[in-house]
Amino acid sequence: PLIANLEPSEYGNLSKLSVIDFNYNLLSGTVPTELYSLPQLEQLDLNDNFLGGTISPLIANLENLEFLQLHNNLLFGRIPEAFGLMRNLRVLELHGNMLSGSMPESVCENRDDVDGLIQLTADCDDTFGFVMVECSMPECCTACS
């Protein structure tokens, strides 16, 4: 596995990049905001690492993003409303983090679109007596962990 911090110094030079798949590595640190300036990015897989911090609303700059896996990391804070602006997003997996609050209504509205989100996961299961992310299922979230 790749063991490193995500270093942002050269991301701006990768303007034609469409897929980043760094899942199942030992990445730590935060998700570099420079990733959010890649205009052709369609798939971003950063799941099953040790990435922390909050999810920046700048992620909405990824207008072509269709597939986003951030699950099983150490992310915390609220889920950004900015996800609701991402009209091409089809898969959004956020479970297995320390996110809290409610799933933004704008994100749930994208589930209603014919070409909207088909998969949306979060930590919305109350198995342990509390819910970290409020997200109705199946109206909004497709699966709760």
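Now for a quick tour of the structure. (Residues numbered from 1 in each chain as written. Predicted model: local features only at pLDDT ≥ 70, side-chain atom pairs only at ≥ 80, totals over all residues. Heavy atoms only, no water.)

1. Regarding the sheet that holds strand 11 (residues 143-144)
Turning to step 1, where the next piece is worked out: In spatial order, the strands read 1-3-5-7-9-11; together these 6 strands make up an open sheet with parallel pairing. Looking at which strands have only one partner, the edges of the open sheet turn out to be strand 1 (19-21) and strand 11.
Turning to step 2, where the next piece is worked out: Where strand 9 (residues 119-122) and strand 11 come together, 2 bridges link them in parallel fashion. Following the sheet pairing, A122 is matched in strand 11 by C144. (Pairing = 2+ DSSP bridges. Helix = DSSP H or I, 4+ residues; strand = E, 2+ residues; numbered from the N terminus.)

2. A few points about the state of the cysteines
Turning to step 1, where the next piece is worked out: As enumerated under the stated definition, the model contains 3 disulfides in all.
Turning to step 2, where the next piece is worked out: Residue pairing for C108: its cysteine sulfur links by disulfide to C140, the two sulfurs lying 2.0 Å apart. Between C108 and C140 the disulfide shows an S-S torsion of about -85°. By sign, it is left-handed. In this pair, C108 is assigned in helix 1 (residues 105-112) and C140 in the loop between strand 10 (133-134) and strand 11, connecting sequence segments 32 residues apart. Accessibility classification places C108 together with C140 in one group, the buried group.
Turning to step 3, where the next piece is worked out: Each sulfur in the disulfide pair C124 and C144 lies 1.8 Å from the other. Disulfide C124-C144: torsion about the S-S bond near -90°, hence left-handed. Here C144 lies in strand 11 and C124 lies in the loop between strand 9 and strand 10, a separation of 20 residues in the sequence.
Turning to step 4, where the next piece is worked out: What makes C124 buried here is its relative accessible area of 10%. (Disulfide = S-S within 2.5 Å. Buried < 20%, exposed > 50% of the residue type's maximum accessible area, 1.4 Å probe, protein only.)

3. Observations concerning a negative patch on the surface
Turning to step 1, where the next piece is worked out: A cluster of like negative charges, contributed by E81, E105, E109 and D112, occupies part of the molecular surface.
Turning to step 2, where the next piece is worked out: Its place among the elements puts E109 in helix 1.
Turning to step 3, where the next piece is worked out: E109 sits in the partly exposed class, given a relative accessible area of 41%. (Patch = residues over 30% accessible without salt bridge, like charges linked within 9 Å, V, L, I, M, F, W, Y side chains within 5 Å. Areas by Shrake-Rupley, 256 points an atom, 1.4 Å probe, with all protein chains shown as cover. Salt bridge = Lys/Arg side-chain N within 4 Å of Asp/Glu carboxyl O. Lys, Arg positive; Asp, Glu negative; His and termini not counted. Charge placed at Lys NZ, Arg CZ, Asp CG, Glu CD.)

Remember that the coordinates give geometry; whether it matters functionally is a separate question.
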